[in-house]
Each structure stands twice: as C-alpha cells, then as structure tokens.
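The lines below spell out each chain.
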Amino acid sequence: LTDSAVERINNGELVVISKQDEVEQGPRAFIRAAMLFDVDVEEAYSLLSQTDKQHEYIRNIVMSIKIEGDDSYEITEMRVKLLGWILKYRTVRHWDKSKYHIWWTLDPNFENDLADLRGYWKLFPHENNRTVARYTTRVVFKKFIPFVVQKALSKRELPNSLEAVRKRVNSHGTYKKAGIR
C-alpha cells in the first residue's frame, strides 16, 4: 500500500483498488481493498469466518447456508441478487488462524452460476486493539454481462458490501441489514 493509502486507512476510510482487464475468457475483475476494523484481530477473524451469516448484513446476498465443514474449511451455498438476477454458487473457504488468513474458491462439484470466484482476507494486528484487513477477490461471470456493467457493479456494490462487513465486525457481530431480525 502507498503511504497515502495507509493514511486513508488510519483515518477510517475504505481503500478500494480495482484492476480490470480483458483476457481470452472475457472480462475479469481483480479487486483489492483495505480497511481498519475497530476490534482486535481475534474478534475480526472470528466474525469474518462466519460465512453462513453474510445474508444478514450484506445487501445483495439473499441466502448463505453452510453445507458442510470443519475447523479448516467450509462449503457455503450463496444466492446473490444482481441486476434482478439471482446468481447461485458455492464457495469452499479455508482458514489459517495462525496467520489470520481466510481464502475461498468456487466449489468445483457444484453447478455454479459464476465461471470463477476466488479471494481472501488477510488480517494484521494494529495499534489500540484494532485490525488492518486486506481483501482481494476475482469474479468471472458465466452468463453474459457486458463488461461496462460488470465494471459499474464492481464500483458500486463492492464498497457497499465491504462497508456492511465493516459495520458487522465493528458492531461485534450485531449489525444487520434492514429487514433482518
């Protein structure tokens, strides 16, 4: 991160770095972000590991159900509403608590509506019992969505989703989106 980005993060800003390019298989979005959580790294890690609760606080996730898992991995089925469509996919998430690292890919054994999805959270202890969080994800849509629409979705939806994650973590897991009890 640049000195400017670090300063912005320390001032409480969400810093999103989006890189999009064209490749043989169509547009792919590489999105990187960093933010500061107002909880210690242990609590942030614990809350980010609760993938099956994402529908409670991220606006466009309408369902997130744990299919199977243990202490090292979890398969979660997700339903996400974008542009009036419901996209269905399953992620395989892995955890390495010793490194405060969470990463995911698509479940290859499921008929996913995405061609590719992968990403990670990497957490770092910060002063005053806070946590710096680095986030990266890549999404490749299976259905045709024009590149310009994908780019617009990335610019609008990702910051909204990450702000919801920050609210959830900073509230110690109590924040929920409107309509959820």
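As the structure is a computational prediction, the values presented were derived from the model and not from experiment. (Residues numbered from 1 in each chain as written. Predicted model: local features only at pLDDT ≥ 70, side-chain atom pairs only at ≥ 80, totals over all residues. Heavy atoms only, no water.)

(A) How the structure looks around the pattern of salt bridges. This structure, assessed with the given rule, holds nine salt bridges. The partner of Asp116 in a salt bridge is Arg138, and the shortest N-O contact between them spans 2.3 Å. One end of the pair, Asp116, is in strand E7 (residues 114-126); the other, Arg138, is in strand E8 (residues 130-141), with 22 residues separating them in the sequence. Judged by its relative accessible area of 13%, Arg138 falls in the buried class. Residue Arg166 pairs with Glu163 through a salt bridge whose shortest N-O separation is 2.7 Å. Residue Arg166 and its partner Glu163 are both found in helix H3 (residues 147-170); the two are separated by three residues, about one turn of the helix. Members of the salt-bridge network, linked through shared partners, are Glu77, Arg79 and Arg90. (Salt bridge = Lys/Arg side-chain N within 4 Å of Asp/Glu carboxyl O. Helix = DSSP H or I, 4+ residues; strand = E, 2+ residues; numbered from the N terminus. Buried < 20%, exposed > 50% of the residue type's maximum accessible area, 1.4 Å probe, protein only.)

(B) Region of the structure containing the confidence of the model for the chain. Confidence in the prediction for the chain averages 88 pLDDT; 86% of positions are at 70 or higher. Within the chain, helix H2 (residues 41-48) carries the highest mean pLDDT (98), whereas strand E1 (residues 15-23) carries the lowest (63). Of the regions scoring below 50 in pLDDT, residues 21-26 engages in eight contacts with residues more than four places distant in sequence or in other chains. (pLDDT = per-residue confidence, 0-100. Contact = heavy atoms within 4.5 Å.)

(C) Structural context of the nonpolar core. Grouped together as the largest cluster of nonpolar side chains are 37 residues, with contacts concentrated most on Phe37, Trp121 and Leu123. For this core, the secondary structure elements donating two or more residues are strand E2 (26-37), H2, strand E4 (73-82), strand E5 (85-96), strand E6 (101-106), E7, E8 and H3. For Leu123, the contacting residues outside a window of four places in its chain are Phe37, Val41, Ala44, Tyr45, Leu48, Lys99, Tyr100, Thr131, Val132 and Ala133. The next biggest cluster of nonpolar side chains, apart from the first, holds six residues, and it includes Ala5, Ile9, Val15 and Val132. (Core = buried A, V, L, I, M, F, W, Y, C linked by side-chain atoms within 4.5 Å.)

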